[in-house]
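Spelled out, the chains give:
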There are 2 protein chains.
Amino acid sequence: MKIEVLTVGDEILSGNIVDTNFAWIGDYLWSHGYELHVHSSVGDDPEPITKAINLAASRSQVVIVTGGLGPTIDDITIETASKAFGMPQVLFPEALEKIKARFEKLNRPMAANNEKQARLPEGSTVIPNDNGTAPGCHIAFQNTHFFFLPGVPREMKKMCEDYVFPKIKELSPVKTEFCQKVLRCFGMTESAMDRELASVDLTDVDLAFRIFFPEILLKISARGSDLNKVQKRVHEVEAFVRDRLGDVIYGEGEEMLPQWVGRVLTERGESLSVAESCTGGLLASLITDVPGSSKYFKEGVVTYSNESKQDLLAVPSEVLKNHGAVSAETAIAMAEGLRKRAGTTYALSMTGIAGPDGGSPDKPVGTVHIALSSPSGTQERKLFFPASREWFKRLVAFSSLDILRKHLIH
Amino acid sequence: MKIEVLTVGDEILSGNIVDTNFAWIGDYLWSHGYELHVHSSVGDDPEPITKAINLAASRSQVVIVTGGLGPTIDDITIETASKAFGMPQVLFPEALEKIKARFEKLNRPMAANNEKQARLPEGSTVIPNDNGTAPGCHIAFQNTHFFFLPGVPREMKKMCEDYVFPKIKELSPVKTEFCQKVLRCFGMTESAMDRELASVDLTDVDLAFRIFFPEILLKISARGSDLNKVQKRVHEVEAFVRDRLGDVIYGEGEEMLPQWVGRVLTERGESLSVAESCTGGLLASLITDVPGSSKYFKEGVVTYSNESKQDLLAVPSEVLKNHGAVSAETAIAMAEGLRKRAGTTYALSMTGIAGPDGGSPDKPVGTVHIALSSPSGTQERKLFFPASREWFKRLVAFSSLDILRKHLIH
């Protein structure tokens, strides 16, 4: 079955919005045994919309159209489609009732132009929208099923999950079996991984890299008629990858590194504090993005000046004077000073030069020292990330969590 | 002139990568007086690529094709295009030399399959790639100019700026004048702004909202044959918008709120420290994303426990006991305690309930108290953001900066 996505909206073509809807739809379809064969975007103009609809009808069996269902005069997708299909627009009373009810719930008067959203092509099926005013609709035209959805991601996604995807399954049940495994990695570049995995046998298996900087996800997937065979191939490739990459793989599925660390600390009933300099609070922010982090995360300090390193972390002034703020000795003193005061099981510290200024021949921009203080002592590591300020901060924050992770697993 | 973008790559259609290239191209063209009339994406398959190329040739005068120029067997864009155009692929020695030179510079041997990247359609013009191995090429086919570029954003952008955009200008000089103004806003929702600006006269002017959550950018733009008229209309709409939105508009152009605050503090020679609870380090991280922030940002503390609020900020235990950690009194004590110890001109503090758990009928999830301590005293504000944990953190961090901004301008 050929499935296509058509995005409508001037804001997409003029670059005002990056279209993430179609990547989300493509990802869902791919991991459920279907494939998108083409995606197009056109502006809010009758002529290109009409052409795109006719082209889609001629080459696809399923067309998911997003955008242009709002109440304003710019929103002309339904009107244009009705004309293209030769189906008059009529008022759907049940759709109008739902729009009215939504405004009542929000305690706001319904504007007259919202009524327009309930006028859909005659003979279509309403797709309810639980998260917004614009109802969607499903129209069978010639041999093609068109699904019209709003462009707001939250609304579009819910309507896909509740109506469009089940309908696609009904129209063409997947006969092929599908198996997928996602391995989460940190600490190796994509090209180094590529070299390490060069000899992998990819017969009947797909191996894709997906980067959530600075993490890299490896997606191993396979399809076929025999579920046992499909699973066997995925497991074989997984075993090969695990053998080659070792503890670069820290987890599976959806669990990011800060969540992994949080889960393990919670299980062990242990606690953490962090002393940041060059990461400027990013590490604490990543840790506290995890719901429930207050159970194990006690405090963070961002010591951007020498005074604050002395005041808050009791770093001796001689250490700062003799070795400088960016040094192994300062990192160690920060971690040990924090752990002692905060009374946590672990304390992480990092001090470095994020740039773009502040480097020297001895300590160029990108230099960082990370220390971990634990009940068994303090370790320190020097790393070098000559990257943009923003990337440097992310690399250092994740590297710190990775040093703690390796301590926790060994 | 009709301009189209065609993206080639399985990783796009399967949702493994969100295509940001075409939004970038669309934005550039839009703000230089051109328009994209359609964008499509197809996978790495000869049939859909051929169809897309023929379709593009029939409907557009300029086609920018990105992706599929790599050295692997999956990369078939050039091979497929050569066949579609009926032009044999030939070796371009100057392109090969550049690829070889690049590998030499990286001190790595050139793989045999990289030679393939120098085989381009006969009669095409090489588009040099300064940031990668894959050269691009420019081909005039029938009445359409095709530009083939790699999908790697850094490479694609440089080649657009150096070759494709100048060539487009050469092919069709813009006769219309263009004027644009970007106003940056914080503190009002998009729909509230929409209502506030409902009566604006948009004759010959375009007004677009662009959301960089939680900031909202208003882009006012106009085109026409008379530069004076075009500028006049943009200025008229700007005046209307400024009158309606007042100090919701904090700046112009590219300067985000943390940069605005940093610039003004630097100009005044003043300093800042922050005491965070529910934002968990995000505010410090946003502040330290700005290069040069060490000039005015002295320290941050993330006090996630009552003990750390007492230890680091000298919040009296009676305040915590009588009013709770999430209260006006605690926020004020945090800001005053920090300002006293850190010795900075200003100290910001915030304490709230990010959720998803921890709320109560009195203090539901989304409640936050923000305090600003300054030489002229301490002010406190209670706000309520019933949003996801991540959005809550961003809203509170930006609201804190905005409270400081309003103090600085009044």
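Residues numbered from 1 in each chain as written. Chains lettered and ligands numbered in written order. Predicted model: local features only at pLDDT ≥ 70, side-chain atom pairs only at ≥ 80, totals over all residues.

Peer 1: Explanation requested: the overall build of chain A in the structure shown.
Peer 2: Secondary structure assignment for chain A yields 14 helices and 17 strands. Over its C-alpha trace chain A gives a radius of gyration of 27 Å, far above what one expects of a compact globule, namely 22 Å for 410 residues. Along the first, second and third principal axes, the C-alpha set of chain A runs to 85 × 55 × 45 Å. Taken across its 410 residues, chain A has 45% of its residues classed as buried. In chain A, the share of contacts with a sequence separation of at least 24, taken over all contacts with a separation of at least 6, comes to 64%. (Helix = DSSP H or I, 4+ residues; strand = E, 2+ residues; numbered from the N terminus. Rg over C-alpha atoms; globule rule 2.2 N^0.38 Å. Buried ≥ 20, exposed ≤ 12 C-beta atoms within 10 Å, placed from the backbone. Contact = placed C-beta atoms within 7 Å.)

Peer 1: Could you clarify how one ought to interpret the nonpolar core in this entry?
Peer 2: Across soluble globular proteins, you tend to see nonpolar side chains buried next to one another. Ranked by internal contacts, the top residues of the largest apolar core, which has 124 residues, are M334 and A335 of chain A together with M334 and A335 of chain B. Ignoring sequence-local partners within four residues, the contact set of M334 of chain A consists of A275, K309, L313, V315, S349, T351 and A371 of chain A. In terms of nonpolar packing, the next biggest core, distinct from the first, is built from 94 residues, F22, V42 and V164 of chain A together with I17 of chain B among them. (Core = buried A, V, L, I, M, F, W, Y, C linked by C-beta atoms within 7 Å.)

Peer 1: Quick question: what am I supposed to make of the sheet that holds strand β1 (residues 3-8) of chain A here?
Peer 2: Note on sheets: strands pair through backbone hydrogen bonds, and any given pair is parallel or antiparallel. Here we have 12 strands laid out as an open sheet, ordered β6(A)-β7(A)-β8(A)-β3(A)-β1(A)-β2(A)-β2(B)-β1(B)-β3(B)-β8(B)-β7(B)-β6(B), and mixed in their pairing. The sheet terminates laterally at β6 (125-127) of chain A together with β6 (125-127) of chain B, the two strands that pair on one side only. For this sheet, the mean angle separating the axes of adjacent strands, direction not counted, is 20°. Pairing between β1 of chain A and strand β2 (residues 36-42) of chain A: 6 bridges, direction parallel. Looking at the pairing, I3 of chain A lines up with L36 of chain A of β2 of chain A. With respect to the sheet, helix α4 (residues 77-85) of chain B is in contact with β1 (3-8), β3 (62-66), β7 (136-141) and β8 (144-149) of chain B, its orientation differing from that of β8 of chain B by roughly 160°. (Pairing = 2+ DSSP bridges. Axes fitted to C-alpha atoms, helices over the stretch in contact; angles between N-to-C directions.)

Peer 1: Looking at this model, I keep getting lost on the relation of the copies chain B and chain A. Mind explaining?
Peer 2: Both copies of the chain are related by a screw-like operation: a rotation about an axis and a shift along it. Rotating chain B by 180° and translating it 0.3 Å along the rotation axis places it on chain A, where the RMSD comes to 0.3 Å. Overall, the copies show the geometry of a two-fold rotation axis. Of all interface residues in chain B, 100% are interface residues in chain A too; the two copies therefore contact each other through one and the same surface. (Least-squares fit on C-alpha atoms with pLDDT ≥ 70 in both.)

Peer 1: Can you help me understand the packing of helix α2 (residues 21-30) of chain A against helix α6 (residues 153-171) of chain A in this one?
Peer 2: Packed helices, taken two at a time, are described by the angle between their axes plus the distance between the axes. All names here are of chain A. In contact at an axis separation of 11 Å, α2 and α6 are set at 30° when each is read in the N-to-C sense. What the angle tells us is that α2 and α6 run roughly parallel. Handedness of the crossing formed by α2 with α6: right-handed. Of the residues in α6, those in contact with N21, W24, I25 and Y28 of α2 are P153, M156, K157, C160 and F165. (Parallel < 35°, antiparallel > 145°, perpendicular 65-115°, else oblique. Left-handed = near helix turned anticlockwise from the far one by under 90°.)

Peer 1: Looking at this model, I keep getting lost on helix α13 (residues 328-342) of chain A. Mind explaining?
Peer 2: In an α-helix, one turn spans 3.6 residues; hence positions three or four apart end up facing the same way. Taking 1.5 Å per residue, 15 residues should reach 21 Å; α13 of chain A reaches 21 Å between its end C-alpha atoms and fits that length. Those residues of α13 of chain A not exposed but buried are T330, A331, I332, A333, M334, A335, E336, G337, L338, R339 and A342 of chain A. (Expected span 1.5 Å × (residues − 1).)

Peer 1: Any chance you could explain the interface of chain B and chain A here in plain terms?
Peer 2: Often, the extent of an interface is quoted as the loss of accessible area upon association of its parts. Between chain B and chain A, the residue contacts involve 47 residues of the former and 47 residues of the latter. Counting only elements with at least two residues in the side of chain B that touches chain A, the list comes to α1 (10-13), α2 (21-30), β2 (36-42), β10 (206-212), α10 (282-288), β14 (297-303), α11 (306-313) and α14 (389-409) of chain B. The class makeup of the residues in the side of chain B that touches chain A is 20 nonpolar, 19 polar and 8 charged. (Nonpolar A, V, L, I, M, F, W, Y, C, P; charged D, E, K, R; others polar.)

Peer 1: It is not clear to me how the sheet that holds strand β9 (residues 177-185) of chain B should be interpreted in this structure. Could you clarify?
Peer 2: Residue and element names in this part refer to chain B. Here we have 4 strands laid out as an open sheet, ordered β10-β11-β9-β12, and antiparallel in their pairing. Each having just a single partner strand, β10 and β12 (249-252) make up the two edges of the open sheet. Going across the sheet, the axis of each strand differs from the next one's by a mean of 30°, ignoring polarity. Of the strand pairs in this sheet, β10 and strand β11 (residues 215-224) are connected by 7 bridges, and their pairing is antiparallel. Each residue of the ladder has a partner; that of A208, found in β11, is K219. Against the sheet, helix α8 (residues 227-245) engages β9, β10, β11 and β12, with an angle of about 155° to β11.

Peer 1: Quick question: what am I supposed to make of the pairing of strand β3 (residues 62-66) of chain A here?
Peer 2: Where a strand is regular, its side chains alternate between the two sheet faces. Residues and elements named next belong to chain A. Counting buried residues along β3, 5 of its 5 residues qualify, which places the element largely inside the surrounding structure. Burial along β3 is two-sided: the residues V62, I64 and T66 and V63 and V65 are all buried. As judged from the 5 bridges shared by β1 and β3, these two strands associate in the parallel manner. Bridging across to β3, L6 finds its partner in V65. In the sheet, β3 pairs with strand β8 (residues 144-149) via 5 bridges, with the strands oriented parallel. Across the sheet, residue V65 finds its bridge partner in β8, namely F148.

Peer 1: Explain the confidence of the model for chain A here, please?
Peer 2: When pLDDT is low, close inspection of the predicted coordinates is not appropriate. Residues of chain A with pLDDT of at least 70 account for 100%, and the chain-wide mean is 93. This complex was scored by the predictor with a pTM of 0.84 and an ipTM of 0.83. (pLDDT = per-residue confidence, 0-100.)

Peer 1: How should the pairing of strand β16 (residues 367-374) of chain B be read in this particular structure?
Peer 2: Residue and element names in this part refer to chain B. The buried count for β16 comes to 7 of 8 residues, which makes it a mostly enclosed element. As paired strands, strand β15 (residues 346-352) and β16 are joined by 6 bridges and run antiparallel to one another. Bridge pairing in β16 places A347 opposite S373. Linking two consecutive strands that pair antiparallel, namely β16 and strand β17 (residues 377-384), is a turn of 2 residues.

Peer 1: Sorry, what's going on with unusual backbone geometry here?
Peer 2: As a rule of thumb, non-glycine residues mostly have phi less than zero, and peptide bonds are mostly trans rather than cis. Across the junction of G355 of chain A and P356 of chain A, the peptide omega takes the value 5°, indicating a cis bond. In this fold, P356 of chain A is placed in the loop between β15 (346-352) and β16 (367-374). Cis geometry is found at the peptide bond from F213 of chain B to P214 of chain B, where omega equals 0°. Of note, Q142 of chain B is a non-glycine position whose phi angle comes to about 50°, a positive value.

Peer 1: Please explain helix α13 (residues 328-342) of chain B as it appears in this structure.
Peer 2: Summarising burial for α13 of chain B: 11 of the 15 residues are buried, a large majority. Residue G343 of chain B follows α13 of chain B closely and has a positive phi angle near 70°.

Peer 1: Looking at this structure, I do not really get the environment of K219 of chain A. What am I missing?
Peer 2: All names here are of chain A. Residue placement: K219 occurs in strand β11 (residues 215-224). A count of 18 C-beta atoms within 10 Å places K219 in the partly exposed class. Residues K219 and K175 lie 44 residues apart in sequence; the distance between their C-alpha atoms is 22 Å. For K219, the contacting residues outside a window of four places in its chain are Q180, V182, A208 and R210.

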